[in-house]
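The chain contents come next:
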Amino acid sequence: MMAYPVWVDGKENGCLDPADRGLAYGDGLFETLRVEAGRVVFLDLHLARLQAGARALDIPLDSHLLLQELLRFLTNCPATCIAKIIVTRGSGGRGYLYSADLSPSIILSAHPLSAYPESFQAEGIDAVLCTSRLALQPRLAGHKHLNRLEQVLLRQELAGTSADEGLVCDMQGRVVEGVFNNVFMVRLGELLTPRIEAAGIRGVFREAVIQESAAAGAPVREDELYPDDFLAADEVFFCNSVNGVWPVKSLAGRHWAPGTVTRYWQDYWRKQLG
Ligand SMILES: Cc1ncc(COP(=O)(O)O)c(C=O)c1O
C-alpha cells in the first residue's frame, strides 16, 4: 500500500524551521483538497482562494510553482486521498513585523479520507446551535488562514454533544457557517447562505454552488441570516469540498427529511468526483 507522504519545501520528510511564522503566529494559509483517481476536485477554486488569501496577507506566493510541486507530490500519493497544502510567510525571527524578503514555506501532506457514516449523506445529520461565537474581522473573513483556534474550541464544544455538526454564529448572533462546513438553507424554493463578510470561510464548495446557481439563472441569495431563519427553512444542508453535502435532519427540536434541492447538490457533488 502507498504511504501518505509529507513534503516540506519540496523535500520528503523535510524539516520546518522552529522560527517559521506559521508556527509562531499562524501567519499563513491552508487548503484541504479532495483527490479522486489522482485528480484534485475543484482544483481551480482552491488555487484561486489560496491566491486571494496570499494577496490579502501580502505573502509572495508563486501559484505556478506551487501547482507544479503539488502535481509532482500527488504522483507519490494514493490515488484517492485528502491532500493538504500549508503556505506560511516563511521563517522570520522574533516579533510580529515581517521583512518583505521572506520566502514562503510550503508543506504538502496526504491523508486517508475521513470515515463518516454513509447515513450522513443518505439520511442526514443532527445539528446543534453552538454557543461559542466567531469574532468579527473583515480583513481576514473569507480566507482560509492558519488562525483556527475558534474552530478548535468549536470542535471541542461539538464533541461534548451528540450532534454531528453545529450552526455557528458571530458575536452579533448572525449565522456564519458550520464548525467545519458552510451552510445553506432553502426557503420557498430559493437557496440562501450567510454572507461571509466579517467572519467565516468562503468555502470552495459554497463558491461552486454560488457560481453554478448564477450560471443557471437562479442566483443564491447571500444574506444576513439568524438561527430562527434556519429553523423556519424548508431544507438545511452543510457542505464542504472534501465531504460533500450533508442534509440536516434535526436542529433544536425541528426535524426535516432531505429535500429535493439538497439532493440536487448531492448529485452535483458526486458528479464532480468523476
Ligand atoms: C470553518 C469552515 N468553513 C467552511 C469550510 C468549507 O470549506 P471548503 O468548501 O473550501 O472545503 C470548512 C472546511 O474545512 C471549514 O473548516
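Presented here is an overview of the structure given in this document. (Residues numbered from 1 in each chain as written. Predicted model: local features only at pLDDT ≥ 70, side-chain atom pairs only at ≥ 80, totals over all residues. Heavy atoms only, no water.)

### Observations concerning the packing of helix α6 (residues 204-215) against helix α8 (residues 260-273)
For step 1, the next point in the chain: Put simply, α6 and α8 touch, their axes get as near as 12 Å, and they point 110° apart. The orientation of α6 relative to α8 falls into the category roughly perpendicular. Taking contact as the criterion, the partners of Phe205, Ala208, Val209, Glu212 and Ser213 in α6 are, on α8, Trp265, Tyr268 and Trp269. (Axes fitted to C-alpha atoms, helices over the stretch in contact; angles between N-to-C directions. Helix = DSSP H or I, 4+ residues; strand = E, 2+ residues; numbered from the N terminus. Parallel < 35°, antiparallel > 145°, perpendicular 65-115°, else oblique. Contact = heavy atoms within 4.5 Å.)

### Quick notes on the sheet that holds strand β4 (residues 39-40)
For step 1, the next point in the chain: Strand order in the open sheet made by the six strands is β2-β1-β6-β5-β3-β4, with antiparallel pairing throughout. Each end of this open sheet is capped by a strand with a single partner; those strands are β2 (11-12) and β4.
For step 2, the next point in the chain: One ladder, built from eight bridges, connects strand β3 (residues 28-36) with strand β5 (residues 81-88); its direction is antiparallel. Across the sheet, Leu33 pairs through a bridge with Ala83, a residue of β5. (Pairing = 2+ DSSP bridges.)

### Notes on the pairing of strand β10 (residues 182-187)
For step 1, the next point in the chain: Extensive coverage of β10 is indicated by the burial of five of its six residues.
For step 2, the next point in the chain: Pairing of β10 with strand β13 (residues 235-240), which is carried by five bridges, proceeds in the antiparallel orientation. When the sheet's bridge partners are listed, Val183 is paired in β13 with Phe238.
For step 3, the next point in the chain: As paired strands, β10 and strand β11 (residues 190-194) are joined by three bridges and run antiparallel to one another. (Buried < 20%, exposed > 50% of the residue type's maximum accessible area, 1.4 Å probe, protein only.)

### Topic: the nonpolar core
For step 1, the next point in the chain: In this structure, Leu74 and Ile85 are the most contacted members of the largest nonpolar core, which totals 24 residues.
For step 2, the next point in the chain: When residues of this core are traced back to their parent elements, those giving at least two are β3, α2 (43-57), α3 (63-74), β5 and β6 (105-111).
For step 3, the next point in the chain: For this core, the element with the most residues is α2, which contributes five residues.
For step 4, the next point in the chain: Filtering out sequence-adjacent residues up to four positions away, Leu74 remains in contact with Val35, Val40 and Ala83. (Core = buried A, V, L, I, M, F, W, Y, C linked by side-chain atoms within 4.5 Å.)

### Let's talk about the pattern of salt bridges
For step 1, the next point in the chain: Scanning the model with the defined rule gives 11 salt bridges in all.
For step 2, the next point in the chain: In this structure, the salt-bridge partner of Asp27 is Arg89, at a minimum N-O distance of 2.7 Å. Here Asp27 is found in the loop between α1 (21-25) and β3, whereas its partner Arg89 is found in the loop between β5 and β6, with 62 residues between them in sequence.
For step 3, the next point in the chain: Overall, Arg89 belongs to the buried group, its relative accessible area being 5%. (Salt bridge = Lys/Arg side-chain N within 4 Å of Asp/Glu carboxyl O.)

### Some points on the site of the ligand
For step 1, the next point in the chain: Contacts to the ligand come from 14 residues, most closely from Arg49, Glu177, Val204, Phe205 and Ser241.
For step 2, the next point in the chain: Between Arg49 and the ligand, the recorded distance is 2.8 Å, taken from a side-chain N or O atom to an oxygen atom.
For step 3, the next point in the chain: One nitrogen or oxygen atom from the main chain of Val204 is found 2.7 Å from an oxygen atom belonging to the ligand.
For step 4, the next point in the chain: Protein coverage of the free-state accessible area of the ligand, which is 390 Å², stands at 91%. (Near = heavy atom within 4 Å. Polar contact = N/O pair within 3.5 Å; in protein donor to acceptor, adjacent residues only side chain to side chain. Areas by Shrake-Rupley, 256 points an atom, 1.4 Å probe, with all protein chains shown as cover.)

### Examining the pairing of β5
For step 1, the next point in the chain: Of all eight residues in β5, six are buried, a share of seventy percent or more.
For step 2, the next point in the chain: Relative to β6, β5 is paired through seven bridges, and the arrangement is antiparallel. Across the sheet, Ile85 pairs through a bridge with Leu108, a residue of β6.

### Structural notes on the environment of Tyr98
For step 1, the next point in the chain: Here Tyr98 lies in the loop between β5 and β6.
For step 2, the next point in the chain: Placed 77 residues apart in sequence, Tyr98 and Arg21 show a C-alpha to C-alpha distance of 8.9 Å.
For step 3, the next point in the chain: When neighbours within four sequence positions are excluded, Tyr98 is seen to be in contact with Arg21, Leu57, Asp58 and Arg89.

By themselves, these are just geometric observations and shouldn't be taken as functional.
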